[in-house]
Amino acid sequence: MRVFLTVNAYPGSDELPALRSYLEEIAPIPVDACIVADPGVIAMIREVSPEREIHLSTQANTTNWQSALFWQRQGIKRINLARETPLSGIRAVRDKVSAELEVFVHGALCIAYSGRCLLSSVMSGRPANKGECAHPCRWEYALVEQTRPGQYFPIAEDGGGSFIFNSKDLCLLPHLPELVASGVDSLKIEGRMKGSYYVASVVRVYRTALDRYCADPAGYRCDPAWLEELEKVSHRGYTSGFLFGQPGEGDQEYHSRYRRSHQFVGMVEEVLADGRAVVGVRNRMLDNDTVELIGPAMKTATMANSSMP
Ligand code: SF4
């Protein structure tokens, strides 16, 4: 496995000494690249670990070829384009820039430019730029007239309330052929605040689809079973985001519930010599619940809980 270390916060000057100590501490660790957004942090990594490969984070919000060219000239090996870049924009960057390009294909979408939004910092003290977003853009909002604090006027888009900032999650699985043809080098799956089950489920779907496409581009079809797999994990409805232009009404959610058809109940931690497995239980399992076993390949076994030893 290749390992990339995210250092994509925008630190204040008072945070730089701590950052330098951190970079010195991790200097001996042979990660494959650091993912960085702030030019000052890039400079500091170059001072501490000059040989370190640097990838530009989506939080640098690179949306056009001129900007990508600038970063390429700074020696950036891979540029993760802003999620707001449409397919035509990805192609335009590819035409002019030889640095590796990466695009987000799956996961939460920000209503503001990725990671530059201050809602979470202000409302919960958890800075999004530092990976701690509490997702307040998903919350329900009301209207308050300035001289009547505490009087909340409901603003209802429909009977469910009003969710003015509430984007669906990105899912570009059906568009993999266009993305591959656009010349991107890497597809990124968002893992911020996500558990191992979510990451494993989503990654194996995209891995399978990509391998299938590369083996036979002409015969490739997006398998509905893959989309079904993506429905099993917790998400907020899916959208193709900005890939084909500006998102519209249908790309928002109008409630604050998460969708998911399956619960994560446990992880196989060890397989014993006699073939039995030790499972670390993470959730309730009741008699006769149906349990699915998933692994890296796309073979999913199903069994009734009462049949488990
Ligand atoms: S609050 Fe929403 S828009 Fe802001 S950083 Fe978090 S996920 Fe993105």
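Preceding block: the structure.
To keep things clear, this report deals only with the structure shown in the data block. Every chain is numbered on its own, with residues counted from 1 as its sequence reads. Owing to the predicted nature of the model, reporting of local features is limited to residues with pLDDT of at least 70; listing and counting of side-chain atom pairs is limited to 80 or more, with chain, interface and lining totals taken over all residues. As a convention, hydrogens and water are excluded, and side-chain values are obtained from all of the structure's heavy atoms.

This next bit is on the side chain of glutamate 190. Helix and strand labels come from DSSP, where a helix needs a run of H or I of at least four residues and a strand needs a run of E of at least two; each type is numbered from the N terminus. Position of glutamate 190 relative to the elements: it lies in the loop between β9 (186–189) and α7 (196–215). Residue glutamate 190 is classed as buried on the basis of its relative accessible area of 4%. We call two N or O atoms a polar contact when they sit within 3.5 Å, provided that within protein one can donate a hydrogen and the other can accept it, with sequence-adjacent residues counted only if both atoms are side-chain atoms. Engagement of the side chain of glutamate 190 in a polar contact is seen with the backbone nitrogen of alanine 108, the distance being 3.0 Å. A distance of 3.0 Å separates the side chain of glutamate 190 from the side chain of lysine 194, its partner in a polar contact. Those residues in contact with glutamate 190 that lie beyond four places of it in its chain are Arg83, Phe104, His106, Gly107, Ala108 and Tyr198. Relative accessibility decides the category of a residue: with a 1.4 Å probe and only protein chains considered, values under 20% of the type maximum give buried, values over 50% give exposed, and everything between is partly exposed. In this description, contact between two residues means that some pair of their heavy atoms is separated by no more than 4.5 Å.

Proximity is defined per residue: if any heavy atom of the residue lies within 4 Å of a molecule or strand, that residue is considered near it. Every residue close to the ligand is listed here: Cys110, Ile111, Ala112, Cys117, Ala128, Cys133, His135, Pro136, Cys137 and Arg192. Residue composition of the shell around the ligand, by class: eight nonpolar, one polar and one charged. Only Asp, Glu, Lys and Arg are considered charged, only Ala, Val, Leu, Ile, Met, Phe, Trp, Tyr, Cys and Pro nonpolar, and every remaining residue, Gly among them, polar.

Residue position: lysine 194 is located in the loop between β9 and α7. Judged by relative accessible area, which is 25%, lysine 194 ranks as partly exposed. The sequence separation of lysine 194 and alanine 304 amounts to 110 residues, and the corresponding C-alpha distance is 27 Å. When residues no more than four places from it in sequence are discounted, the contact partners of lysine 194 are Ala108 and Val199.

Moving on, we get to helix α3 (residues 65–73). For α3, the set of buried residues is Ala68, Leu69 and Trp71. Burial along α3 is one-sided: seen end-on, the buried residues are contained in an arc of 165°. By the N-cap criterion, in which a side-chain oxygen at the helix start approaches the backbone nitrogen of a residue two or three places on, α3 is capped by asparagine 64, the distance to glutamine 66 being 3.1 Å. Among the residues trailing α3, glycine 75 stands out with phi positive, at a value near 85°. Arc, as used here, means the arc of the directions from the helix axis to the C-beta atoms.

The relative placement of two packed helices comes down to the angle between their axes together with the axis-to-axis distance. To define axes, lines are fitted to C-alpha atoms, for helices over the stretch in contact only, and angles between the resulting N-to-C directions are given on a 0 to 180 degree scale. Across the interface, α3 lies against helix α4 (residues 87–96) with an axial gap of 9 Å and an inter-helix angle of 40°. Classified by the interaxial angle, the pair formed by α3 and α4 is oblique. As α3 runs across α4, the sense of the crossing is right-handed. In this structure, α3 contributes Trp65, Ala68 and Leu69 to the contact, and α4 contributes Ala92, Val93 and Lys96. For the contact of α3 with α4, the residue count by class is five nonpolar, no polar and one charged. For classification, angles of less than 35 degrees are called roughly parallel, those exceeding 145 degrees roughly antiparallel, those between 65 and 115 degrees roughly perpendicular, and all remaining angles oblique. By convention the crossing between two helices is left-handed if the near helix lies anticlockwise of the far one by an angle smaller than a right angle, and right-handed if it lies clockwise.

Attention now moves to the nonpolar core. Judged by nonpolar contacts, the single largest core of 52 residues is most densely connected at Leu23, Ile79, Ile90, Leu173, Leu179, Tyr206 and Leu230. With eight residues, α7 is the single largest residue contributor to this core. Throughout, nonpolar core names a set of buried Ala, Val, Leu, Ile, Met, Phe, Trp, Tyr and Cys residues whose side chains join them through atoms within 4.5 Å.

This paragraph deals with α7. By this rule the span expected of a helix is its residue count minus one, scaled by 1.5 Å. Relative to the 28 Å expected for 20 residues at 1.5 Å per residue, α7 spans 28 Å between its end C-alpha atoms, a close match to the ideal helical length. All of the buried residues along α7 are Tyr197, Tyr198, Ser201, Val202, Arg204, Val205, Tyr206, Thr208, Ala209, Leu210 and Tyr213. For α7, the secondary structure elements touched by its buried residues are β5 (100–107), β8 (169–171), α6 (176–181), β9 and α8 (224–232).

Turning our eyes to something else, we now look at the pattern of salt bridges. Counted as salt bridges are all cases of a side-chain nitrogen of Lys or Arg within 4 Å of a carboxyl oxygen of Asp or Glu. One pass over the full model with this rule turns up 20 salt bridges. Here glutamate 100 ties to lysine 77 by a salt bridge, and the two come within 3.5 Å at their closest N and O atoms. Taken together, the residues span a long stretch of sequence, with glutamate 100 in strand β5 and lysine 77 in the loop between α3 and β4 (78–80) at a distance of 23 residues. Close ionic contact of arginine 94 with aspartate 185 constitutes a salt bridge, the shortest N to O distance being 2.9 Å. Here arginine 94 is found in helix α4, whereas its partner aspartate 185 is found in the loop between α6 and β9, with 91 residues between them in sequence. Under the relative-accessibility criterion, arginine 94 is labelled buried at 19%.

With that settled, consider the state of the cysteines. We call a pair of cysteine sulfur atoms a disulfide whenever their separation is within 2.5 Å. One pass over the full model with this rule turns up zero disulfides. The thiol sulfur of cysteine 171 is not disulfide-bonded, and the nearest other cysteine sulfur, from cysteine 222, lies at 7.8 Å. Free cysteine cysteine 214: the closest other cysteine sulfur is in cysteine 222, separated by 14 Å. In this structure cysteine 214 comes out as exposed when scored by relative accessible area, which is 53%.

What follows covers the packing of α7 against α8. The contact between α7 and α8 brings their axes to 9 Å, and the two run at 165°. Classified by the interaxial angle, the pair formed by α7 and α8 is roughly antiparallel. Note that α7 runs across α8; the crossing there is left-handed. Side by side, α7 and α8 meet where Tyr197, Val202, Arg204, Val205, Tyr206, Thr208, Ala209 and Arg212 of the first sit next to Trp226, Glu229, Leu230 and Lys232 of the second. Each residue belonging to the contact of α7 with α8 can be placed in one class, and the counts come to seven nonpolar, one polar and four charged.

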